[in-house]
Amino acid sequence: MDTVVVEGLRVSGLSYVLIFAVLGIFYGLIKFLLRMLPPRDDSA
Amino acid sequence: MTDLLRGIVGMSDWRVWAMFGVGLALIWLAVKKEYEPNLLLPMGFGCLLANIPFSSAVGGGFLDVLFKGGITNELFPILIFIGVGAMIDFGPLLQDPEMLFFGAAAQFGIFFTMMLALLVGRIPGVTGIPGLREAAAIGIIGAADGPTSIYVATRFAPALLAPITVAAYSYMSLVPIIQPPIIRALTTREERMIHMENPEREVSRTVKVIFPIAVTLIAGIIAPMSVALIGSLMFGNLLRESGVTERLSKTAQNELSSLVTILLGITIGSSMGGKQFLNPTTLLIIAMGLIAFVFDTAGGVLFAKLINLFRKRKINPMIGACGISAFPMSARVIQKMAQQEDGSNFIIMHAVGANVAGQIASIIAGGLILALVR
């Protein structure tokens, strides 16, 4: 297969997986923030 | 006298007439159909200004100055993002963070289209898509996010900027027409009628303030190329959520957004010169932009159906389609479809959550592509 096409497949696949990974980190971040800083924290 | 006549002589070029048609069509879509009027109207008029033979607006004129000062250096899309960030309420996403993954899934169209563009560019006789950078710039139309498309296209394929921008904004405005048939084709009526409980969770102001700062730092460290885009979006959001910069937040939402939209639109329009715009590559880009939106929608819906296989409390798979970034149009479309099937079904909060997740995901996608494509 054309090397450019192979490189395209590599970049596409890696990028798509990394988007899930980065948003997975944000998911963990939000869960952590919600647990550590519940609404009553606003009065502080 | 010669100067007066050369404009009339220049009208003998068929491309001038064709581009007048394109410009007037954009203005018509804005005025008559109200498709993204804030952008398509300035773009249409910019197109007219640029294509009048021997126009003083281009060729060193004010539109060239704006292009160099706002597009080439990527300033306008960045400023637009500050305004967008100030307009977005991440509350629905913070209440229901699972929606983040639909934002990720619905970026599928970017990568499908990127590969398609790459393969089409390999066909003998096809010019204009010589390599991965151009293919990536076309694929990013699937981000369904104008500023990100402009940002990536400016870096990777400045010659294709005009058709990519036209495709991105045109299809964003056509989301109510593009998404419903794809969603209906991929879901059953029973699936579209699934009710979802609204998240009752309260989100503290502290979380809303920390979120944009933390996202900027994390995304920036992982993909430094995304800092300008995600940083400006989150800066705008911090102005909104801090609660102490109301004047700045309102300025970002209104005056800044409006001013930059005017300049961005007319400047992009001015890049639609007949010689550059009227070629088979433009038609290919317009066609592939539609494919990108179709596969974004399909990617989101099919991902929702996939995770439903493992869940007790099912998700309405239409929510997956909201993962495209076209905010808030996509969320409205999905809520309307849900109510058409069942008048008592309100999934708007989940839809908005997935929609703002798509906004974040599309910027991350842009940053990753900029980092990975050589």
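The following refers to the structure shown. Computed from a predicted model, the values in this text were never measured in an experiment. (Residues numbered from 1 in each chain as written. Chains lettered and ligands numbered in written order. Predicted model: local features only at pLDDT ≥ 70, side-chain atom pairs only at ≥ 80, totals over all residues.)

### A short note on the overall build of chain A
Here is the rule: By definition, any uninterrupted DSSP run of H or I lasting at least four residues is a helix, any uninterrupted run of E lasting at least two residues is a strand, and each is numbered from the N terminus. Here the C-beta atoms are placed from the backbone, and a residue counts as buried if at least 20 other C-beta atoms lie within 10 Å of its own, exposed if 12 or fewer do, and partly exposed otherwise.
When its secondary structure is counted, chain A shows one helix and zero strands. Counting the 44 residues in chain A, one finds 25% classified as buried.

### Notes on the overall build of chain B
Here is the rule we go by: Note that the radius of gyration is over C-alpha atoms, with the globule rule given as 2.2 Å times the number of residues to the power 0.38. We call two residues in contact if the C-beta atoms placed from their backbones are at most 7 Å apart.
Helix and strand content of chain B: 21 helices and zero strands. What you see for chain B is a C-alpha radius of gyration of 21 Å, in line with the 21 Å of a compact globule of 374 residues. Referenced to the eigenvectors of the C-alpha coordinate spread, the extents of chain B come out at roughly 75 × 50 × 40 Å. Looking at chain B as a whole, 57% of its 374 residues qualify as buried. In chain B, the proportion of contacts linking residues at least 24 apart, taken out of those at least 6 apart, comes to 75%.

### Observations concerning the packing of helix α4 (residues 62-72) of chain B against helix α16 (residues 246-270) of chain B
Residue and element names in this part refer to chain B. Put simply, the test is: Geometry is summarised by axes, namely lines fitted to C-alpha atoms with helices restricted to the contacting stretch, and by angles between N-to-C directions that run from 0 to 180 degrees. When an angle is under 35 degrees it counts as roughly parallel; over 145 it counts as roughly antiparallel; between 65 and 115 it counts as roughly perpendicular; any other value is oblique. Left-handed is the label given to a crossing in which the near helix is rotated counterclockwise from the far helix by less than a right angle, and right-handed is the label when the rotation is clockwise. Nonpolar residues are Ala, Val, Leu, Ile, Met, Phe, Trp, Tyr, Cys and Pro. Charged residues are Asp, Glu, Lys and Arg, and all others, Gly as well, are polar.
Between α4 and α16, the shortest axis-to-axis distance is 9 Å and the interhelical angle comes to 115°. In terms of orientation, α4 and α16 fall into the roughly perpendicular class. α16 is crossed by α4, and the crossing has left-handed handedness. Side by side, α4 and α16 meet where L63, L66, F67, G70 and I71 of the first sit next to L263, L264, I266, T267 and S270 of the second. Looking at side-chain class alone, the contact of α4 with α16 contains seven nonpolar, three polar and no charged residues.

### Thoughts on the packing of helix α1 (residues 3-36) of chain A against helix α8 (residues 108-122) of chain B
In the contact formed by α1(A) and α8(B), the axes pass within 10 Å of each other and the chain directions differ by 175°. Here α1(A) is positioned roughly antiparallel relative to α8(B), judged by the angle of their axes. Of the residues in α8(B), those touching α1(A) at V4(A), V5(A), G8(A), L9(A), S12(A), S15(A) and Y16(A) are F108(B), F111(B), M114(B), M115(B), L118(B) and L119(B). The residue inventory of the contact of α1(A) with α8(B), partitioned by class, reads ten nonpolar, three polar and no charged.

### Quick look at the interface of chain A and chain B
Taken residue by residue, the interface counts 29 residues in chain A and 38 residues in chain B. Class assignment for the residues of the side of chain A that touches chain B results in 21 nonpolar, three polar and five charged.

### Looking at the nonpolar core
Proteins that are soluble and globular tend to have nonpolar side chains buried together. Residues and elements named next belong to chain B. To keep it simple, the criterion reads: Connectivity within a nonpolar core runs through C-beta atoms within 7 Å, and the core itself is a set of buried Ala, Val, Leu, Ile, Met, Phe, Trp, Tyr and Cys residues.
In terms of nonpolar packing, the biggest core is built from 144 residues, with F102 and I334 touching the most fellow members. In terms of residues, this core owes the most to one element, helix α21 (residues 348-372), which gives 15 residues. Contacts of I334, omitting those with residues within four sequence positions, involve M318, I319, A321, C322, I347 and A351.

### A word on unusual backbone geometry
Residue and element names in this part refer to chain B. Put simply, F327 and P328 share a cis peptide bond, and its omega is -5°. Within the secondary structure, P328 is located in the loop between α19 (318-321) and α20 (329-341). Of note, the phi angle at E74 is positive, near 65°, even though the residue is not glycine. By the element assignment, E74 lies in the loop between α4 and α5 (75-87). Residue E74 is classed as partly exposed on the basis of its C-beta count, with 17 C-beta atoms lying within 10 Å. In this model, A144 sits at a positive phi of 50°, which is unusual for a non-glycine residue. One can find A144 in the loop between α9 (132-139) and α10 (146-156).

### Things to note about α20(B)
Residue and element names in this part refer to chain B. Defined as follows: The length a helix should cover is 1.5 Å for every residue beyond the first.
Here α20 contains 13 residues, and its C-alpha end-to-end distance of 19 Å stays within 8% of the 18 Å for a straight helix at 1.5 Å per residue. All of the buried residues in α20 are M329, S330, A331, V333, I334, Q335, M337 and A338. Buried-residue contacts for α20 involve α11 (161-173), α12 (175-186), α13 (189-192), α19 and α21.

### What to know about α16(B)
Operational definition: Note that bend, as reported per residue, equals the angle between axes fitted to the 7 residues terminating at that residue and the 7 residues originating from it.
For α16(B), with 25 residues, the first-to-last C-alpha span of 35 Å sits near the 36 Å given by 1.5 Å per residue. The largest bend along α16(B) reaches roughly 40° and is located at A252(B).

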